[in-house]
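Summary of structural features
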Amino acid sequence: MSQRKTQLEMMRRCLDGEANDEEFARLEELLRNDPDFREDYLRYLNVDLALAALPQPTSRRSHDPLQHLEEQKSAWRLFRGIVGWAAAIGLLLLAGIHVLQSIDGKRGEIRTAGEDTLVPEDVNDSGVAVLTRVSGLQGPTTTDWRVGETIPPGTMAWDEGLLQLEFYGGATVVVEGPAELEIIDESRVVCLLGRLRAHVPELARGFVVLAPSFELVDLGTEFGLNVSDGGADEIHVFDGKIELFDAESNRDLTTRRELNAGDALTVDRDGSSKPIAARDADFVTPMRLSQISDARRQEQLGDWRAFRDSLRDDPRVVAYFPFERSESEDRKLIGHGANGSTLTGAIVGCEWSEGRWSEKSSLQFKRPGDRVRINVPGEFASLTYSTWLRVDGLDRQYNSLLLTDGFDKNSPHWQIHQNGCLVLGIRHAKTRIHGYKTDSIFNLFRLGQWVHLATVYDADQACVKHYVNGKLAKREPLQKAAGDMLKIGNATIGNWSVPTMRRRKFSVRNFNGCIDELIVFGKALDDQEVRRIYQVGRP
Amino acid sequence: MDEGDREQHDQFLRLFMEHEEALRLFVRSLLFNQEESREVMQEVAIVLWRKFDASLDILSFRRWAFGVAKMEVLSFRRDRARDRLIFSDDIAELMERTVLQQADTLEHERIALEDCVGKLPADQRELVNTAYEPGVKKNDMARELGWTSMALYKKLHRIRLLLMECVRRELALEGRS
């Protein structure tokens, strides 16, 4: 112990600028060769840095150091890391960052501008249409599209599947892929590729569709058009009438043609056209899309139910909660554990809501108290966590998915960090904590969407793997200190019970969103198995 | 600021704040002087923002950020450091590795620190709060207290050691096993 004290004193002398060359050389040698010393060095500096970052009381004057102090305000905690370089950044990030602009170098004048968000919310709707239905969409950019979201002017392209757009101007459009649309404003769209059917009520007359070989102005109708890849384009009028002009002719009246209900035309890229028979059935109506959607949903629900039932016989399952509301006991979360045993979770606060499908229920977590208390007995060399959830917001520094009580050795914490990373936190030894994390996976688009998350702690492969929607997102080797059996025991879904000490902000970890399935396997699943769970359960 | 710029700097802030404390610790471990390391951190922040590439994932950003920090420390030492004592290059590598390895534990320790400061006897707490106030020069402070500078440094050192012990205890207590 005395040697350590001597070493620490030597550290201090170096940091305070009192050391001579010999002492410095000694420090360097120790840093190079002694990993414990290196850690101690960093821990010492860590204390120094943390002290410098602590919030100070407002009315501090440094003249009389022993003056009686006011209570420290912990509201600045979020900003204490920013203080040191606030001046520099404040200069750089000028426009629009009102929060940072209001910080100046002195801690005494920091104004809090909301605890959890750094940048003020923008209340601005640049949308011109709403995406109201999708079915079987495939394409590189389609995963970001959410039903119900407003679509701003811009391009939408996809390889397969149907979607329905309701334009602010009043027109409803169903488009079948492969397609490429450029939305100009609330009553104009360019169709570069795809099969489109539009219903344009009276008040939306004048809805315009631009295609490579013509400009179509609707006069209060229902029509369909098919723009193919380089070939001839087709126009079919099912009801009412439309006007057609040559493309880029600026609606030259000499090119004007009128088509009525029952008329149909093909137009070549060179402008030549010939009449054809109108084919109503080829163009999907909103009603038909709704039926297709419903049928597909029923099918998926069926697949999922079969999967749910199969888990009853899966020996690897140590906890399975399908989140199906029980009419008779709706404050209990019914599930099953190993060997067909029943597991019951105690629901606190959470309200039942809709899940991935309208026929399935989920639990909604909103308020700080909302949680489900469960107990998962047993010890495991490897574990797999799997959940279907919808994250509505990342309000806390850590947002709980499944956290064991306290933070005991080898009792994992499965959670989402405020910056959007999925984290499996494990205390491998008393003072060896490690968070195995992904990159940020919850950006603005993923919030509000049903997502499948899975994390595998694999003792055999000595790694932790995280999966998002069935795809591997991160693989990290286990820490050297890892190696013991994991246990869950008393744990909480969507919150943290028995948080360690009084960390206040750090301790509040209530989840904001809905969860509609949770599975814990006492074994490590492989990539294919995780993907299968995702595919069988996707809404 | 338009939509795209806003996204860009949100992304930057997210990534930067995730690593800010680790970077600061890294810089400090190579530059003894607190003022100097603060200055270098500001330069680091500026360079990271100016050259920020939003397509970087966390791991790449981290690697890059530590690289920039190392570079800024080196150029600061070359141009400005008052300290004639300079670490060899391999030390920087070791410090970077250790900082990253211990990142989670060190974060928990920082969080525990506030409670530990609260547990200090009142006079020690006052001393520490005053000494760490921005703009306070320890030599001036010692004079005002009627102490030698050496005495003040040693006293602060002892308090830091107490805090280190407290923090370690708190962390161990958390793992009630």
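Every chain's residues receive numbers from 1 upward, in the order its sequence appears when written. Think of it this way: whatever chain is written first is A, whatever ligand is written first is 1, and the rest follow in order. With the structure being a predicted model, the display of local features is reserved for residues of pLDDT at least 70 and the display and counting of side-chain atom pairs for 80 or more, all residues being used for whole-chain, interface and lining totals. Where side-chain values are given, they derive from all heavy atoms of the structure, hydrogens and water being excluded.

Across a regular strand the side chains alternate sides, sitting on one face of the sheet and then on the other. Residues and elements named next belong to chain A. For the exposure calls, accessible area comes from a 1.4 Å probe over protein chains only, and a residue counts as buried if that area is under 20% of its type's maximum, exposed if over 50%, partly exposed in between. Every helix listed is a DSSP run of H or I at least four residues long, and every strand listed is a run of E at least two residues long, numbered separately from the N terminus. For strand β8 (residues 214-218), the buried fraction is high: 5 of the 5 residues fall into the buried class. By the alternation rule, side chains of β8 split into F214, L216 and D218 and E215 and V217, which are all buried. When DSSP finds at least two bridges between two strands, those strands are taken to pair. The sheet contact formed by strand β7 (residues 208-211) and β8 spans 4 bridges and is antiparallel. Along β8, the bridge assignment pairs V208 with V217. Taken together, β7 and the strand that follows it, β8, pair antiparallel across an intervening segment of 2 residues. The sheet contact formed by β8 and strand β11 (residues 241-246) spans 5 bridges and is antiparallel. Bridging from a neighbouring strand, L216 pairs with L244 of β11.

We now examine the confidence of the model for chain A. Taken residue by residue, chain A gives an average pLDDT of 83. The fraction at 70 or more is 86%. The pLDDT score gives, residue by residue, the confidence of the prediction method on a 0 to 100 scale. The contact criterion used throughout is that any non-hydrogen atoms of two residues lie within 4.5 Å. The model gives residues 58-123 of chain A a pLDDT under 50, and that stretch makes 114 contacts with residues more than four places away or in other chains.

Here the focus is the side chain of D516 of chain A. Residues and elements named next belong to chain A. Topologically, D516 is positioned in strand β30 (residues 512-521). Judged by its relative accessible area of 0%, D516 falls in the buried class. Each polar contact in these results corresponds to two N or O atoms within 3.5 Å; when the atoms are within protein, one needs to be able to donate a hydrogen and the other to accept it, and residues that are neighboring in sequence are counted only if both atoms are side-chain atoms. Of note is the side chain of D516, whose polar atom sits 2.9 Å from the side chain of R356. Contact partners of D516, with chain neighbours within four places excluded, come to P322, F323, G355, R356, K360, S361, S362, W388 and W450.

Residues and elements named next belong to chain B. Axis separation between helix α3 (residues 58-79) and helix α4 (residues 89-101) bottoms out at 12 Å; the angle between their running directions is 145 degrees. Both α3 and α4 take part in a crossing whose hand is right-handed. Where α3 approaches α4, its residues R62, F66, K70 and L74 are matched on the opposing element by D89, A92, E93, E96, V99 and L100. Convention adopted: a line fitted to C-alpha atoms gives each axis, helices being fitted over their contacting stretch, and angles between N-to-C directions are expressed from 0 to 180 degrees. Note: crossing handedness is left-handed where the near helix turns anticlockwise from the far helix by less than a right angle, and right-handed where it turns clockwise.

With that settled, the discussion passes to the pairing of strand β17 (residues 342-348) of chain A. Residue and element names in this part refer to chain A. Burial along β17 is one-sided: L343, G345 and I347 are buried, while T342, T344, A346 and V348, pointing the other way, are not. Here strand β16 (residues 332-337) hands over to β17 after 4 residues, with N339 in that stretch at a positive phi of 55 degrees. Where β17 meets strand β20 (residues 371-380), 3 bridges bridge the pair, whose relative direction is antiparallel. Across the sheet, residue I347 finds its bridge partner in β20, namely V372.

All right, on to α3 of chain B then. Spanning 22 residues, α3 of chain B covers 31 Å between terminal C-alpha atoms, matching the ideal 32 Å at 1.5 Å per step. Residues of α3 of chain B that are buried: I58, F61, A65, F66, V68, A69, K70, E72, V73, S75, F76 and R77 of chain B. Here the buried face of α3 of chain B lies against β24 (421-429) and β25 (432-440) of chain A together with α1 (3-30), α2 (34-50) and α4 of chain B. A helix is expected to span 1.5 Å multiplied by its residue count minus one.

Along the chain, the position of L192 of chain A falls in strand β6 (residues 188-199). Contact partners of L192 of chain A, with chain neighbours within four places excluded, come to E180, P212 and V227 of chain A.

Of the two site types, the cavity is a set of points on a 1 Å grid over the protein atoms alone where a 1.4 Å probe fits but cannot get out, and the pocket is an open set with protein on both sides within 12 Å along at least five of seven lines, each lined by residues with an atom within 4 Å of a point. Grid points are joined across faces, edges and corners, and a volume is the space filled by probe spheres set on the points. Going through the model one piece at a time under the given rule, you end up with 2 cavities of 30 Å³ or more. Put simply, the largest cavity is a space of about 170 Å³. Taken together, 16 residues form the lining of the largest cavity, with Y398, F407, Q415 and I433 of chain A together with H108 of chain B sitting closest to its centre. Broken down by secondary-structure element, the contributors of at least two residues to the lining of the largest cavity are β23 (413-417), β24 and β25 of chain A together with α5 (103-119) of chain B. Looking at the lining of the largest cavity, the element that brings in the most residues is β25 of chain A, giving 4 residues. Put simply, Ala, Val, Leu, Ile, Met, Phe, Trp, Tyr, Cys and Pro go in the nonpolar bin, Asp, Glu, Lys and Arg in the charged bin, and everything else, Gly too, in the polar bin. Of the residues that constitute the lining of the largest cavity, the class distribution is 6 nonpolar, 6 polar and 4 charged.

Residue and element names in this part refer to chain A. In this description, a disulfide is simply a cysteine sulfur pair whose atoms lie within 2.5 Å. Considering all chains together, one arrives at 1 disulfide over all chains under this definition. In this model C350 remains outside any disulfide bridge; the closest cysteine sulfur is found in C514, 9.5 Å from its own. The buried category is assigned to C514, whose relative accessible area is 0%.

Bringing the nonpolar core into the picture now. We call a set of buried Ala, Val, Leu, Ile, Met, Phe, Trp, Tyr and Cys residues a nonpolar core when their side-chain atoms join them within 4.5 Å. Core analysis: the largest hydrophobic core is formed by 78 residues, its most contacted members being L27, Y41 and L51 of chain A together with L48, F87, L113 and L163 of chain B. Take this core: its biggest share by element is 10 residues, from helix α3 (residues 35-53) of chain A. With near-sequence residues (within four places) excluded, L113 of chain B lies in contact with V47, A50, L51 and L54 of chain A together with L163 and V167 of chain B. Ranked by size, the runner-up nonpolar core spans 46 residues in total, among them L333, I347, W352 and L453 of chain A.

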